[in-house]
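# Structure assessment
Below are the chains, spelled out letter by letter.
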Amino acid sequence: MAQRNSSPDLIQQYALSAATFESREMYDSAVHYYNEVARLYYQNDQLDEYINSFTNIADIFITEGDYQMAITWLDSAYQRPVSSFRNEDERLALLEWHLFKAYAFEQLGDFVSARAIYESAKLKLVNKEAFEDFYVGKFLYQPLGNIYTRFGDHEEAVKLLNKFKSISFQYGDNNAAAQAINDLGIVYKTLNRHHLAIEEYLNALNFPQLSPANEALIKSNLATTYYETHKLKQGLIYVNEAIEIFEKLLTNGKASVQSYGYLAWAYNLLGLIYTDRGQFGEAVKHFRQSLDLSVHTYGTTKRREIAKIYISIGELFLKQDLPDQALDYFHEALKCVVANFDETDPSLNPGIQQLYAENAIFEAMAGKSRAFKIMHSQTNEVKYLNLALTNYQLIREVEKLLRKDFQHESSKLLLTEESHLRSEQALDIVYQLYQITNDSIYLEEAFQIIENNKASVLLESLKDLKNKDFSNIPDWLLNKEQQLKSMKGIYEKQLLEYSLNTGDDSLSVKELQSKLFDLDNELGMVEDKLKQEFPNYYQLKNSRMASISLDEIKKMVDRHSDVIEYFVGNKSIYILHISANSTRLISVAKDSSLESQVLSLINMVMGQHIATTKPEDFRQLADSIYKKVISPLNIDPKIQNLTIIPDGVLGYLPFDILTENKEVKNLNYSTLPYLINTYTLSYAFSANVLFENHHYQPREDRDYSFLGVAPVYPQSSQFEYLPFSKTEVEKIQTYLGGNVLLDGEATKAKFKSIAGDYRILHISTHAAVIDSLPLYSWIGFSDASTKNQDHYKLYLSELYAMNLGAELAVLSACETGRGQFSRGEGIMSLARGFAYAGCQSIITTLWPVNDGSTAKIMEAFYHFLQKGQSKAEALRNAKLKYLKTGSVDDLGAHPFFWGAYIPVGNINPIYNKNNYIFFMWIAMAFIILAGIIFIYLKKRYSAKNGQ
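Residues numbered from 1 in each chain as written. Predicted model: local features only at pLDDT ≥ 70, side-chain atom pairs only at ≥ 80, totals over all residues. Heavy atoms only, no water.

### Quick notes on the overall build of the protein chain
Along the backbone of the protein chain there are 37 helices and 16 strands. Here the protein chain, with 947 residues, has 56% of them falling under the buried criterion. Sequence-distant contacts, at least 24 apart, represent 71% of the contacts inside the protein chain between residues at least 6 apart. Total accessible area on the protein chain is roughly 41200 Å²; 50% of this is exposed by carbon and sulfur atoms. (Helix = DSSP H or I, 4+ residues; strand = E, 2+ residues; numbered from the N terminus. Buried < 20%, exposed > 50% of the residue type's maximum accessible area, 1.4 Å probe, protein only. Contact = heavy atoms within 4.5 Å. Areas by Shrake-Rupley, 256 points an atom, 1.4 Å probe, with all protein chains shown as cover.)

Quick look at the structure:
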């Protein structure tokens, strides 16, 4: 690198000159001498001081507010060859270089670039010893956490901000801790944990030596929390106190640049409160104050903060039924956050390539769409409906970008849930346009809207598994990633239990957080290795995820089958009825009774109610639901197979227990006209996931066909004995061959180590669904050799980290298909976990099943499956065989005993029917041949004895 050494005296002289000119605010001269210093350090191969010189120049331009020039000078440091750091001084210099550059991008409003630089610094330049460093907490964890808050990745934000808070307390800095609490409160509010935000804010106000600026900021955020919980009186008190403090700081000349922005936001909050109180004149006055101060502070309107103010004003005009004025403000908001978009016509929008992951974009577009919809209602002009729809289409693209950027599933699920609310408004527009025009393009649009709200997180995981297979990533690297994710799930569970005072206290919260931090960094290094060494995979992962079309789904449907996809909104149920040759969009008014009726029906078939439930009461409820969700379809009598893609509460319902509108004599459970008598029913998480499942190519490296697992629990203190489960898997093994794990051999560790080698997994055990904490739902394995529940319970969070890829997973356990409903993603069940891990189809249960009837149904299921029937057909025939068995009395025909099992995913046959027939002929030939030989030998023996 160096060609000749420069004199230390000359370097010191130039450095002193640079510092002197900087102190006198003679910045041009200071920059000149810092640049000379950098040149001399470069010649001496002193990387740390070389980088520090450019950081000093950047600091000058940041002080001047010229953030772009700061970035230009920082980048110029890399115009000369710079190697990775060789010692601690070089590491610190490079860390500071990253933090300055990220900060400059942040001030320019380019949060995407800022986040990438902060993450690079965290991954490559923050070593284990620096995790607890105050400088790192203040200038890396806090700003990066706030960026994740902006993007909606709340889990990552909480993790980073909690780390900053912990470090602040460790260093005894109450003001820094108060800043962390301010930022955490914003996340808690977004997650609807307002009580937690209020508790934290009130606690922070009691911190000793709290600065006036931090006190004002806490009161402003406390006011926001009260406003969002409709406590306008308390909100008004605290926001006025905050404004008073901020204005006093400005008057005394003690306010930072940030304080101007905080005051502007306080004025905006005051406007929101007056809007909700119906005092629109006062609201406009304070919005204007907020806008003027923001423009003065930032020197430009191209800021996210200003976009948010425009959105607030737009909402005010919508509340007054003034869509034209509202539209102008929403459009101005869009111009604030989209680069190179300066169109004055509010009917125009940015192109898809101009969009990026920013929630202010879809907030502005959602406002525009609602304004256009009101304009349609006022004028009856169809063009306004089309303009409203165009905005929703672009919102969908922004949501996809946000979802791709999120690191944690919980953040993706929250986004999907919020999206579901917007999608009902979009579907209402599409349905109106379809009714007016009868144009099939609106059927396609309805399909895309509904699919955007169906299992998108699951679909992303399946595509990721496929991309990893396609990219030839070595097994050791994939296994390492899997192990790290699995351990992360365990530690997160322990941390949650500790916080709820229910877990083992042998590890402190700080120790667990430290372990999680270590794991996150290790995962980051794995991700970086994938990016560097497998660019094809990384390119596939970050490419836009294309959605299939309605025509592609129709090609999968034969003339005897229909696909029925539901969207359950607050006011309407939208149903796409897809046949081989036609598609219909149906809207059914949704009354408040749907949820209660479905849940009541499920309660009727749960074990504790079967003896007291009368068949006529069951039929009345099953009939009522049937009329709401099946009758409006007018299904062709030739149809034999239905694929149900449920939504909302319908995800808890096995449709084959619904009853058709047919007369029945001698009404009892065995004579009810169940839907299973008419159709073979199967289910899918979404049409896109179904398409992925159907185009799945089974891995050729599977070593074995069948793995049966039955812990049985003969002497367990934790679980009830399951005597039939052992017989169940052993009988299946006689049909399919393969291997079984029984009793004490059925351990979690053994299953995790070998499950990926099998085509069919059958697990007969106990399971539990934790509705309040779905990621900690579990499937039980043998507890014979351990008392640590983490060693015998396989959690849903661990399943997500596995790579199974089985063609079929049968979960012959309690309620594996139930779970907490996540709007837009579906039921967060154990079955979903197996799908997430790559299983192409799952037989799962919707309530705790009976051990005895399960054994009979499963034995019959595998018998029919081996005959070449589809998985759904085999399950239906197994259920019908059970119902028609003479030994089943009326109570035994109750849906509790047979209705819980449903097939999800790719229901194609596993075994070739022709092969089955061929082997049957071979078997018969052997039997006949054996018979001939037996007769021949018998005759010969008789003749011999007769001689």
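### Here's the deal with the sheet that holds strand 9 (residues 767-768)
Strand order in the open sheet formed by three strands is 9-10-11, with antiparallel pairing between adjacent strands. Edge strands, defined here as strands with exactly one partner in the open sheet, are strand 9 and strand 11 (793-795). The pairing of strand 10 (residues 778-780) with strand 11 spans three bridges and is antiparallel. Each residue of the ladder has a partner; that of Trp-778, found in strand 11, is Tyr-795. (Pairing = 2+ DSSP bridges.)

### Thoughts on unusual backbone geometry
If a residue is not glycine, its phi is most likely negative; likewise, a peptide bond is most likely trans. We note that Asp-321 has phi near 60°; this positive angle belongs to a residue other than glycine. Along the chain, Asp-321 turns up in the loop between helix 15 (304-319) and helix 16 (323-337). A positive phi angle, close to 65°, is found at Val-712, a residue other than glycine. You can see Val-712 is positioned in the loop between strand 6 (704-710) and helix 29 (723-736). What makes Val-712 buried here is its relative accessible area of 3%.

### Side note on the UniProt feature "repeat: TPR" (unreviewed entry) in the protein chain
Sites flagged by UniProt as "repeat: TPR" (unreviewed entry) map to residues 264-297 and 307-340. End C-alpha to end C-alpha, residues 264-297 measures 9 Å, and it is 91% helix and 0% strand. Taken end to end, residues 307-340 is 82% helix and 0% strand, and its two terminal C-alpha atoms sit 15 Å from one another. (UniProt positions renumbered as here; feature names shortened; annotations may be inferred.)

### Concerning the nonpolar core
Tyr-566, Phe-618, Ile-630, Phe-655, Phe-751, Phe-834 and Phe-861 are the most contacted members of the largest nonpolar core, which totals 112 residues. Tallying contributions element by element places helix 34 (residues 851-866) first for this core, with seven residues. Counting residues in hydrophobic clusters, the runner-up holds 92 residues, among them Leu-217, Leu-249, Ala-266 and Leu-394. (Core = buried A, V, L, I, M, F, W, Y, C linked by side-chain atoms within 4.5 Å.)

### Some words on the pairing of strand 2 (residues 572-578)
Consecutive residues of a regular strand have side chains that alternate between opposite faces of the sheet. Of all seven residues in strand 2, seven are buried, a share of seventy percent or more. Of the two faces of strand 2, the one holding Ser-572, Tyr-574, Leu-576 and Ile-578 and the one holding Ile-573, Ile-575 and His-577 are both buried throughout. Bridge analysis of strand 1 (residues 561-568) against strand 2 gives six bridges, and the strand direction is antiparallel. Opposite Val-568, over in strand 2, you have Ile-573 as the bridge partner.

### What to know about the environment of Gln-325
Inspection of the secondary structure assignment puts Gln-325 in helix 16. Measuring from C-alpha to C-alpha, the distance between Gln-325 and Ala-371 comes to 9.0 Å, with 46 residues separating the pair along the chain.

### Some points on empty space enclosed by the protein
Per the stated rule, a full pass over the model turns up three cavities of 30 Å³ or more. Here the second largest cavity is characterised by a volume of approximately 90 Å³. Taken together, Tyr-392, Ile-395, Arg-396, Glu-399, Ser-419, Arg-422, Ser-423, Ala-426, Ile-449 and Asn-452 make up the full set of residues lining the second largest cavity. At the level of secondary structure, the elements contributing two or more residues to the lining of the second largest cavity comprise helix 18 (382-405), helix 19 (409-437) and helix 20 (441-452). (1 Å grid on protein atoms, 1.4 Å probe; cavity = no way out; pocket = protein on both sides within 12 Å on 5 of 7 lines; lining within 4 Å. Points joined across faces, edges and corners; volume = space filled by probe spheres on them.)

### Observations regarding the side chain of Ser-290
Tracing the sequence through the fold places Ser-290 in helix 14 (residues 280-298). When its relative accessible area of 0% is taken as the criterion, Ser-290 is described as buried. When neighbours within four sequence positions are excluded, Ser-290 is seen to be in contact with Ala-264, Trp-265, Tyr-267, Asn-268 and Ile-309.

### What to know about the packing of aromatic side chains
As enumerated under the stated definition, the model contains 28 aromatic pairs in all. Between the aromatic rings of Phe-719 and Tyr-792, the centroid separation amounts to 5.9 Å while the plane-to-plane angle is 90°, which identifies the pairing as edge-to-face. With Phe-719 in the loop between strand 6 and helix 29 and Tyr-792 in helix 31 (residues 789-792), the pair connects residues that are 73 residues apart, well separated along the chain. Positioned over the ring face of Tyr-298 is Arg-303, at 4.3 Å from the centre of the ring. Between the NZ or CZ atom of Arg-422 and the centre of the ring of Phe-362, over which it lies, the distance is 4.2 Å. (Phe/Tyr/Trp six-rings, centres within 6.5 Å; stacked < 30°, edge-to-face > 60°. Lys NZ or Arg CZ within 6 Å of the ring centre and 35° of its normal.)

### Overview of the pattern of salt bridges
One pass over the structure, following the stated rule, counts 33 salt bridges. For the salt bridge of Lys-373 with Asp-428, the shortest nitrogen-to-oxygen distance reads 2.5 Å. Here Asp-428 lies in helix 19 and Lys-373 lies in helix 17 (residues 359-379), a separation of 55 residues in the sequence. We classify Asp-428 as partly exposed; its relative accessible area is 24%. A salt bridge links Lys-752 to Glu-798, with the shortest nitrogen-to-oxygen separation between them at 3.2 Å. Here Glu-798 lies in helix 32 (residues 796-799) and Lys-752 lies in helix 30 (residues 748-754), a separation of 46 residues in the sequence. Salt bridges linked by common partners bring Asp-45, Arg-86 and Glu-90 together as one network. (Salt bridge = Lys/Arg side-chain N within 4 Å of Asp/Glu carboxyl O.)

### Considering the side chain of Glu-106
Take Glu-106: it is sitting in helix 5 (residues 88-107). One buried charge, Glu-106, has no salt-bridge partner; the nearest side chain with opposite charge is Arg-150, at 5.6 Å. Those residues in contact with Glu-106 that lie beyond four places of it in its chain are Phe-111, Ala-114, Tyr-118, Pro-143, Ile-147 and Arg-303. (Lys, Arg positive; Asp, Glu negative; His and termini not counted.)

### Considerations on helix 15
The end-to-end C-alpha distance of helix 15, which contains 16 residues, comes to 23 Å, matching closely the 22 Å that a straight helix rising 1.5 Å per residue would cover. With 14 of its 16 residues buried, helix 15 lies for the most part within the structure. Positive backbone phi, approximately 60°, marks Asp-321, located one or two places after helix 15. (Expected span 1.5 Å × (residues − 1).)

### Here we look at the packing of helix 29 against helix 34
Packing of helix 29 against helix 34 brings their axes to within 9 Å, and their N-to-C directions diverge by 10°. With respect to each other, helix 29 and helix 34 are oriented roughly parallel. Across the interface between the two elements, Pro-723, Phe-724, Ser-725, Glu-728, Lys-731, Ile-732, Tyr-735 and Leu-736 of helix 29 pack against Asp-851, Gly-852, Thr-854, Ala-855, Met-858, Glu-859, Tyr-862, His-863 and Gln-866 of helix 34. (Axes fitted to C-alpha atoms, helices over the stretch in contact; angles between N-to-C directions. Parallel < 35°, antiparallel > 145°, perpendicular 65-115°, else oblique.)

### Looking at the environment of Ser-829
Residue position: Ser-829 is located in strand 14 (residues 826-829). We classify Ser-829 as buried; its relative accessible area is 3%. The sequence separation of Ser-829 and Leu-775 amounts to 54 residues, and the corresponding C-alpha distance is 8.7 Å.

### Concerning the confidence of the model for the protein chain
Of all residues in the protein chain, 85% attain a pLDDT of 70 or more, and the chain-wide mean is 84. Across the protein chain, the secondary-structure element scoring lowest on mean pLDDT is strand 13 (residues 819-822), at 44, and the one scoring highest is helix 16, at 96. Overall, residues 817-828 carries pLDDT values under 50, and its contacts beyond four positions in sequence, including any with other chains, amount to 65 contacts. (pLDDT = per-residue confidence, 0-100.)

### Brief notes about the environment of Asn-206
Along the polypeptide, Asn-206 turns up in the loop between helix 10 (194-204) and helix 11 (212-228). A distance of 3.4 Å separates the side chain of Asn-206 from the backbone oxygen of Leu-202, its partner in a polar contact. (Polar contact = N/O pair within 3.5 Å; in protein donor to acceptor, adjacent residues only side chain to side chain.)

### As for the packing of helix 16 against helix 17
With their axes 9 Å apart at the nearest point, helix 16 and helix 17 run at an angle of 160° to one another. In terms of orientation, helix 16 lies roughly antiparallel with respect to helix 17. The handedness of the crossing between helix 16 and helix 17 is left-handed. Across from Pro-323, Asp-324, Leu-327, Phe-330, His-331, Ala-333, Leu-334 and Val-337 in helix 16, the residues of helix 17 making contact are Ala-360, Ile-361, Ala-364, Met-365, Gly-367, Lys-368, Ala-371, Phe-372, Ile-374, Met-375 and Gln-378. (Left-handed = near helix turned anticlockwise from the far one by under 90°.)

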